[in-house]
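# An overview of the molecular structure
Chain by chain, the residues run as shown.
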Amino acid sequence: MSIDYVRDGRIVTITINRPETRNALDMEHFRDLAHAWATFRDDPDAWVAVITGVGRDFCTGADLKKFIPELTGELPQPDGWDATDAIHAVLHRFPVYKPIVAAINGTCVAGGFEMLTCTDIRIAVPEARFAVMEPKRGLFAGGGSTVRLPRQIPYALAMELLLTADMVDAERALAMGLVNKVVPADILMDTVYDYAERIAANAPLAVFATKQSAVEGLALDMQSAYDNETRHSDRIFATEDAKEGPRAFAEKRPPRWQAR
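Residues take numbers from 1 onward in each chain, read along the sequence in its written order. Totals for whole chains, interfaces and linings use all residues, but because this is a predicted model, local features are given only for residues with pLDDT of at least 70 and pairs of side-chain atoms are given and counted only at 80 or more. Excluded from the side-chain calculations are hydrogens and water; all other atoms, namely the structure's heavy atoms, are used.

So, on to the sheet that holds strand 1 (residues 2-8). Two strands are counted as paired when DSSP detects at least two bridges linking them. Strands are runs of DSSP state E lasting at least two residues, helices are runs of H or I lasting at least four, and both sets are numbered from the N terminus onward. The strand order across the open sheet formed by six strands is 1-2-3-5-7-10, and the pairing between neighbours is mixed. If you trace the sheet from one side to the other, it starts and ends with strand 1 and strand 10 (181-182), each paired once. In what follows, a contact means two residues having at least one pair of non-hydrogen atoms within 4.5 Å. All axes are obtained by fitting lines to C-alpha atoms, using only the stretch in contact for helices, and the reported angles, taken between N-to-C directions, cover 0 to 180 degrees. Helix 1 (residues 27-42) contacts strand 1, strand 2 (11-17), strand 3 (48-53) and strand 5 (100-104) of the sheet and is inclined by roughly 15 degrees relative to strand 1.

Let's shift gears to the side chain of Ser213. Structurally, the position occupied by Ser213 is in helix 9 (residues 204-217). We classify Ser213 as buried; its relative accessible area is 15%. Among all residues touching Ser213, those that are not within four sequence positions of it are Asn228, Glu229 and His232. Buried means the residue's accessible area, taken with a 1.4 Å probe over protein chains only, is under 20% of the maximum for its type, while exposed means over 50%, and partly exposed covers the values in between.

A few words now on unusual backbone geometry. Trans peptide bonds make up the majority, and among non-glycine residues the majority have a negative phi. Located in the positive-phi region is Asn23, a residue other than glycine, with phi close to 60 degrees. Looking at the secondary structure, you find Asn23 in the loop between strand 2 and helix 1. Accessibility expressed as a relative area gives 0% for Asn23, which makes it buried. A positive phi angle, close to 55 degrees, is found at Ala259, a residue other than glycine. Relative to the elements of secondary structure, Ala259 occurs in the segment after helix 11 (240-250).

Here the expected length of a helix is defined as 1.5 Å per residue gap, with one fewer gap than residues. Across its 14 residues, helix 9 extends 20 Å between first and last C-alpha, which sits within 8% of the 20 Å expected from 1.5 Å per residue. Within helix 9, the full set of buried residues consists of Pro204, Val207, Phe208, Ala209, Lys211, Gln212, Ser213 and Gly217.

Bringing the nonpolar core into the picture now. Burial of nonpolar side chains together is a common tendency in soluble globular proteins. In this text, buried Ala, Val, Leu, Ile, Met, Phe, Trp, Tyr and Cys residues form a nonpolar core when linked through side-chain atoms within 4.5 Å. With 69 residues, the main nonpolar core has Leu33, Trp37, Ile51, Ile104, Met115 and Phe130 as its most contacted residues. Discounting chain neighbours no more than four positions away, the residues touching Trp37 are Ile14, Ala49, Ile51, His88, Ala89, Leu91, Phe94, Ile100 and Met115.

Right, let's get into the packing of helix 9 against helix 10 (residues 222-237). Helix 10 packs onto helix 9 with a crossing angle of 170 degrees between their chain directions and a minimal axis gap of 9 Å. Comparing their axes, helix 10 and helix 9 come out roughly antiparallel. The residues of helix 10 that touch helix 9, namely those facing Leu205, Ala206, Ala209, Gln212, Ser213, Glu216 and Gly217, are Ala225, Asn228, Glu229, His232, Arg235 and Ile236. Gly falls in the polar group here, along with every residue not listed as nonpolar (Ala, Val, Leu, Ile, Met, Phe, Trp, Tyr, Cys, Pro) or charged (Asp, Glu, Lys, Arg). Taken together, the residues of the contact of helix 9 with helix 10 break down into five nonpolar, five polar and three charged. For classification purposes, an angle smaller than 35 degrees is called roughly parallel, one larger than 145 roughly antiparallel, one from 65 to 115 roughly perpendicular, and anything else oblique.

Boundaries of every domain are those given by an automatic assignment or by a domain database. Annotation of the protein chain at the domain level lists domain 1 (3-200) and domain 2 (203-251). For domain 1 versus domain 2, the separation of C-alpha centres amounts to 27 Å. As used here, buried area is the combined drop in accessible area, with a 1.4 Å probe, of two parts when they are placed together. Together, the buried faces of domain 1 and domain 2 total about 830 Å²; carbon and sulfur atoms form 68% of this surface. When the buried surface of domain 1 facing domain 2 is broken down by residue, Trp47, Tyr97 and Arg151 rank first, second and third, together holding 66% of it. By convention in these notes, a salt bridge is any Lys or Arg side-chain nitrogen within 4 Å of a carboxyl oxygen on Asp or Glu. In this assembly, domain 1 and domain 2 are joined by one salt bridge. A salt bridge links Asp120 to Lys211, with the nearest nitrogen and oxygen atoms 2.8 Å apart. Distance and chemistry together define a polar contact, namely a pair of N or O atoms within 3.5 Å, with one atom able to donate a hydrogen and the other to accept it when in protein, and with adjacent residues in sequence counting only for side-chain atoms on both sides. At the boundary of domain 1 and domain 2, one finds three residue pairs in polar contact (both at pLDDT 80 or more).

So this is what it looks like as structure tokens:
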């Protein structure tokens, strides 16, 4: 039972490895997942992350059989637990402006769904299922779903997911615009790494700034978003990589990005 973190070159793979709980998370594993995201965010040599799960589930949110007793004091809290770990683990109020690609290998509900809405590219297997399950349990999806989802897919479709709490299959999720592509399980990771490698081939500072500008712009009026975009643009055009890219193009060779 673990949160596995592997960096291979510029690409990090974070794997939720708790198949015995359907990849639901208790305090210990919320903590470890939050730490994994922080490690990725802070590592200058890590440019793209892939997030996935082991077995037939992507992530089913909190392990209610253990997480709630830990919250109420019936079970001891693990060493190093912080009250923000659960929300940071699903990337709520924890901005990571590096690209994140989701390999949705199965059921994605509750906290897993909330984390999904913080990823940038989403590839699912046909067996994947998606839901904002909290209202069926008398709970509230407080990890960002009510804020992000209506900004990512059409309002009426977002409200269908949020209010009914019904499960939708991969093809319906594709039609809604919730995921980018549905592929057979045997090519899921190859497809995801193809995306990750294509992203990692680009200039990292330009990619990070592009994501940051897009995410920040969602919370701004149009003029403020344009001004914010200009600030990012000015910063990137002043980098060494902005000189290297055109030079490499003119010399007909691959660019050598320095991330500065």
